[in-house]
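One letter stands for each residue in the lines below.
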Amino acid sequence: MTAFSGANAQAPDPDILKVEHASGERPSTYTIEQLRNDFPQHERTTGTPWSPTGATISFHGPLLSDILAKNGLADATEVELRAYNDFVSKITSDEISRFSPILAIEQQCQDEDRTSGLCSNDQLYRPLSIDDGGPFYLVWPLKDLPPSYVPGRNSIWVWFVAVIRPVQ
């Protein structure tokens, strides 16, 4: 087993995502703006395991698979996502290819966001706050997940992601 020190020690800025490489080379880092500009953005409208029944939220961000591919990790059989609070979840390549999770960086503006000033009248999305699970939140298509995933695999919904790395 390899040592993996705490995410908050490795990623002192919570607005920076760190992607470690299998080869041990210097990790890549991404700001929210880089994730927005360097990767195709996808919308995922879904409930979460904690949403009221029938409630959905539209999230926006790059596919996890695109981030892995850009960092030479497309062939990893399993990756580890570590949250800023040191929560760790292991995600298999099969889960990634079957369900296409996104690393959400934004969510769709709602009327209450416009009323409170979080969004302007013409703004479609707003950055995820810590209260929303941001700034980086791994989001899945809840309705496509097998019933056994809820609640048995709720750990795949990782909020406040700080580090992504291959499992060795």
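These numbers were taken from a predicted model, which means no experiment stands behind them.

Reading guide: rules and limits
Residues numbered from 1 in each chain as written. Predicted model: local features only at pLDDT ≥ 70, side-chain atom pairs only at ≥ 80, totals over all residues. Heavy atoms only, no water. Helix = DSSP H or I, 4+ residues; strand = E, 2+ residues; numbered from the N terminus. Buried < 20%, exposed > 50% of the residue type's maximum accessible area, 1.4 Å probe, protein only. Disulfide = S-S within 2.5 Å.

> I would appreciate a short explanation of unusual backbone geometry in the present structure.
Excluding glycine, residues mostly have negative phi values, and the peptide bonds linking residues are mostly trans. With omega at 15°, the peptide bond leading from Gly134 into Pro135 counts as cis. When you line up the elements, Pro135 lands in the loop between β9 (125–127) and β10 (137–139). A cis amide bond, omega 0°, links Val150 with the succeeding residue Pro151. Relative to the helices and strands, Pro151 is located in the loop between β10 and β11 (161–166). Phi at Asp86 takes a positive value of approximately 75°, unusual for a residue other than glycine. Assignment of secondary structure puts Asp86 in the loop between β5 (78–83) and β6 (88–92). Residue Asp86 is classed as partly exposed on the basis of its relative accessible area of 32%. The backbone of Ser100 sits at a positive phi, close to 45°, despite the residue not being glycine. With respect to the helices, strands and loops of the structure, Ser100 is situated in the loop between α4 (93–99) and β7 (102–104). Exposure remark for Ser100: the relative accessible area of 29% places this residue in the partly exposed category.

> Hey, could you run me through the state of the cysteines in this one?
Covalent bonding between the sulfur atoms of two cysteines is what defines a disulfide. For the structure shown, the criterion picks out one disulfide. Shown here is the disulfide that connects Cys109 with Cys119, its sulfur atoms set 2.0 Å apart. Across the S-S bond of Cys109 and Cys119 the torsion is about -80°, and the bridge reads as left-handed. Of this pair, Cys109 sits in the loop between β8 (106–108) and α5 (111–116) while Cys119 sits in the loop between α5 and β9; the two residues are ten residues apart in sequence, bridging distant segments of the chain.

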